[in-house]
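The chain contents come next:
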Amino acid sequence: MRKCPKCDRRLSPLYFGTACKYCGVDLLYYHFDERLEQDAQKAAAQQENVQRLLRKLPFYGKKRDSR
Ligand SMILES: [Zn+2]
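About the thresholds
Residues numbered from 1 in each chain as written. Predicted model: local features only at pLDDT ≥ 70, side-chain atom pairs only at ≥ 80, totals over all residues. Helix = DSSP H or I, 4+ residues; strand = E, 2+ residues; numbered from the N terminus. Buried ≥ 20, exposed ≤ 12 C-beta atoms within 10 Å, placed from the backbone. Contact = placed C-beta atoms within 7 Å. pLDDT = per-residue confidence, 0-100.

**Description of the overall build of the chain**
Stage number 1. Scanning the chain for helices and strands turns up 2 helices and 2 strands.
Stage number 2. Burial status across the chain gives 3% buried among its 67 residues.
Stage number 3. A fraction of 12% describes how many contacts in the chain between residues 6 or more apart in sequence connect residues 24 or more apart.

This is the structure we're talking about:
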């Protein structure tokens, strides 16, 4: 069931408009924005994890120090 992300009202699955008919929020853009933010946060967290892992590897640290 599709729900409006802003006003939380149910939208018919057959309703393909791009704006909520109750509060008028732009559904496509609202979702898109939210997803972008989540993706960015996820990517940042993953990058941090990767860098933390890399720092734990001794050869990675040595390579960087010798330069
Ligand atoms: Zn709405």
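Let's pick the thread back up.
**Brief notes about the environment of Val25**
Stage number 1. Looking at the secondary structure, you find Val25 in the loop between strand S2 (10-11) and helix H1 (27-56).
Stage number 2. Val25 sits in the partly exposed class, given 15 other C-beta atoms within 10 Å.
Stage number 3. With 20 residues separating them along the chain, Val25 and Pro5 place their C-alpha atoms 8.6 Å apart.
Stage number 4. If sequence neighbours within four positions are ignored, Val25 has contacts with Cys4, Lys6, Ala19, Cys20 and Tyr30.

**Observations regarding unusual backbone geometry**
Stage number 1. A positive phi angle is found at Asp8, which is not glycine, with a value near 70°.
Stage number 2. In this structure Asp8 comes out as exposed when scored by C-beta crowding, with 10 C-beta atoms within 10 Å.

**Some details on the confidence of the model for the chain**
Stage number 1. Taken as a whole, the chain shows an average pLDDT of 83; of its residues, 82% reach a score of 70 or greater.
Stage number 2. Put simply, helix H2 (residues 58-66) is where the chain has its lowest mean pLDDT, 65, and S2 is where it has its highest, 90.

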